[in-house]
Amino acid sequence: MAVTSKTAPAAITRPSTTAEKPPNKYKQAFPQYAAVSPFFILFAIFGAFPVLFSIWISFHAWDGIGQMKWVGLEQYHYLLTDATFWKTIGNTMIIWVLSTVPMLLLALVIANALHNATRLRTFYRIAYFIPNVTSVVAITLVFGSIFSNNFGLLNAFLRSIGVGEVQWLTSPWGIKIAIATIVTWRWVGYNAIIYLAGLQAISADVYEAAKVDGASPRQTFWRITVPMMRPVILFTAVTSTIGGLQIFTESRVLFGDTNNIGGPGDAGLTIVSYLYQSAFIKNQFGYGAAVGWALFVLIVLFSIINWRLIGGNDDERLTRRAARRVERRIAAQNAKREAADVHANVD
């Protein structure tokens, strides 16, 4: 009887049931966080901490060196009854209106002219933008000599045409006009460049359709350009409001007297100038912080007002309306072309 040999089956290797440990996501992201950490560290030290600390000291009476004394809401209560503070609000509002309104209108006109210019475009863009990159101190010193009461270039011009002199730097309205002129001259080119970028984003078909419809340049500007520039105008209005409520350097340099940084009768004393005077001249840091937070509330309030007046909830609706208007004009233009082709074929 034959004996058959059987070989033992090979051992079956089973995969290891031990699962690999998932990589630690925090360790993987550590190099990225380490790369951006300097910004957040510097922001926390020089940005977030001063803001939070200003809130804290606004509830204290503090001269910057000695012991802080808790006073609660007394700083804010005095703020509401401080006649000088309310005068600074009035001064700031008047200067803001005298500078922002003509500045934005002039910037829109300049941007439209630059957009339609055919020669020396780059030269004009640089020329209008140069005032924005020039030192504000140097600009204020130059305008100070222009508006000087006795030897100013503006009064010399007024005398040459037979008009009496104006005491620009001593009369309340003269001071406000001088500061507003400096602000306008400095920022009109900046806003014009922003408007120019917005104009270049508008399709040329819109203007061609308006031209076919017989719209004049004035109608095209006010009924097409301005409505389609609404988001850009909103941006410049908000930024100009924020900057206009923070005016400080112009009045500070124009009136170099430390004891009277707002000029005669405090006619040029703005909110930020009053903050500087309270904190760094009178050493009332708690009250200066309260003025700063009152300014913050005013900026938020006026930014919301600008949003509601210029953009707000109606912005999307107005954009759709403008788009429909453009579509109708383009459709009318195409219909006229088709009609002209049909008449040509019939002839």
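Predicted model, so just to flag it, every value in this text is computed and none were measured. (Residues numbered from 1 in each chain as written. Predicted model: local features only at pLDDT ≥ 70, side-chain atom pairs only at ≥ 80, totals over all residues. Heavy atoms only, no water.)

Describe the overall build of the protein, with residues and values.
On a plain count of helices and strands, the protein comes out with 14 helices and two strands. Considering the protein as a whole, with its 347 residues, one finds that 35% of them fall into the buried category. By sequence separation, contacts in the protein at least 24 residues apart represent 67% of the contacts at least 6 residues apart. Surface exposure of the protein reaches about 21900 Å², of which carbon and sulfur atoms provide 66%. (Helix = DSSP H or I, 4+ residues; strand = E, 2+ residues; numbered from the N terminus. Buried < 20%, exposed > 50% of the residue type's maximum accessible area, 1.4 Å probe, protein only. Contact = heavy atoms within 4.5 Å. Areas by Shrake-Rupley, 256 points an atom, 1.4 Å probe, with all protein chains shown as cover.)

Describe helix 8 (residues 204–212), with residues and values.
All of the buried residues in helix 8 are Val206, Ala209 and Ala210. Here the buried residues of helix 8 occupy an arc of 100° about the axis, which is enough to place them on one side. Where helix 8 begins, the side chain of serine 203 points an oxygen toward the backbone nitrogen of aspartate 205, at a separation of 3.3 Å. Looking one or two residues past helix 8, glycine 214 carries a phi angle of roughly 85°, positive in sign. (Arc of directions from axis to C-beta. Polar contact = N/O pair within 3.5 Å; in protein donor to acceptor, adjacent residues only side chain to side chain.)

Would you mind going over unusual backbone geometry in detail, with residue names and values included?
Peptide bonds are mostly trans, and most non-glycine residues show a negative phi. Despite not being glycine, aspartate 266 has its phi angle at roughly 55°, a positive value. Relative to the assigned elements, aspartate 266 resides in the loop between helix 11 (249–254) and helix 12 (271–281). With phi around 60°, asparagine 283 is a residue other than glycine that occupies positive phi space. Considering the arrangement of structural elements, one finds asparagine 283 in the loop between helix 12 and helix 13 (285–310).

Can you lay out the side chain of serine 54 for me, pointing to particular residues and giving the numbers?
Summarising the element assignment, serine 54 is placed in helix 1 (residues 25–57). Residue classification places serine 54 among the buried residues on the basis of a relative accessible area of 18%. Polar side-chain contacts of serine 54 include one of 2.6 Å to the backbone oxygen of valine 51. With residues near it in sequence (within four places) discarded, serine 54 still touches Ala289 and Trp293.

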